[in-house]
Amino acid sequence: MSTKTFLIIHGVVYTIFGLGLFFIPNLLWPNYGLELNDKYSVFLSQHTTIFLGGIAIISLLFRDVEEKSVYARKILTSLLWTNILGVIITLYAIYTGIFYGFGWSDPVFFALLSILSYIKLKHNQ
């Protein structure tokens, strides 16, 4: 898979989750074991869209980065560390009992994106 294709897929995935957490948080979060019981928790979910959307925008704007360039390595390194952070935080949520039910899918999702980011980074060395 080319770096361009990877960045497009990465950006689209983050866009979908961002939009979901903004428009239908009451539908999504209970699948992970979380309750949104007031307007503040709904807003925090929507606030998360800032960061998910930002990662999506960065991924999509850098989709035309030249293969094996310093910029390709930098964007892929940043996405790798972002996804590793996602693995750590979501595993913590499972370990502490915050996430249950479909919550197992988040660390799997972030681990998969971490692996793909690592592979793309190695191909861009």
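Look up a bit, the structure's there.
These figures come from a predicted structure and were not determined experimentally.

Let's talk about the pattern of salt bridges
Here's step 1: All chains considered together, the criterion is met by one salt bridge.
Here's step 2: The residue K4 makes a salt bridge to D64 at a minimum N-O spacing of 3.2 Å. Separated by 60 residues along the polypeptide, K4 in helix α1 (residues 3-23) and D64 in the loop between α3 (39-61) and α4 (70-95) bring together distant segments of the chain.

Side note on the packing of α1 against α4
Here's step 1: Look at α1 against α4: their axes get within 12 Å of each other, and the N-to-C directions meet at 40°. Read as a crossing pair, α1 and α4 show a hand that is left-handed. Residue-level inspection shows T3, F6, L7, H10 and Y14 of α1 in contact with α4, the latter providing L76, L79, T82 and N83.

Quick notes on a nonpolar patch on the surface
Here's step 1: Residues I57, I58, L61, F62, V70 and Y71 make up a contiguous nonpolar surface patch of roughly 610 Å² in combined accessible area.
Here's step 2: When residues of the nonpolar patch are traced back to their parent elements, those giving at least two are α3 and α4.
Here's step 3: When residues of the nonpolar patch are assigned to their parent elements, the largest contribution, three residues, is made by α3.
Here's step 4: Along the chain, V70 falls in helix α4.
Here's step 5: A residue is classified by how much of its surface remains accessible, and V70, at 41% relative accessible area, is partly exposed.

What about α3?
Here's step 1: Between its first and last C-alpha, α3 extends 33 Å over 23 residues, near the 33 Å set by a 1.5 Å rise per residue.
Here's step 2: Listed in full, the buried residues belonging to α3 are S41, V42, S45, T49, L52, G53, I55, A56 and S59.
Here's step 3: Those residues of α3 that are buried are in contact with α1, α2 (25-28) and α4.
Here's step 4: Among the residues of α3, the N-terminal cap falls to D38, whose side-chain oxygen and the backbone nitrogen of Y40 are separated by 3.1 Å.

Analysis parameters
Residues numbered from 1 in each chain as written. Predicted model: local features only at pLDDT ≥ 70, side-chain atom pairs only at ≥ 80, totals over all residues. Heavy atoms only, no water. Salt bridge = Lys/Arg side-chain N within 4 Å of Asp/Glu carboxyl O. Helix = DSSP H or I, 4+ residues; strand = E, 2+ residues; numbered from the N terminus. Axes fitted to C-alpha atoms, helices over the stretch in contact; angles between N-to-C directions. Left-handed = near helix turned anticlockwise from the far one by under 90°. Contact = heavy atoms within 4.5 Å. Patch = residues over 30% accessible without salt bridge, like charges linked within 9 Å, V, L, I, M, F, W, Y side chains within 5 Å. Areas by Shrake-Rupley, 256 points an atom, 1.4 Å probe, with all protein chains shown as cover. Buried < 20%, exposed > 50% of the residue type's maximum accessible area, 1.4 Å probe, protein only. Expected span 1.5 Å × (residues − 1). Polar contact = N/O pair within 3.5 Å; in protein donor to acceptor, adjacent residues only side chain to side chain.

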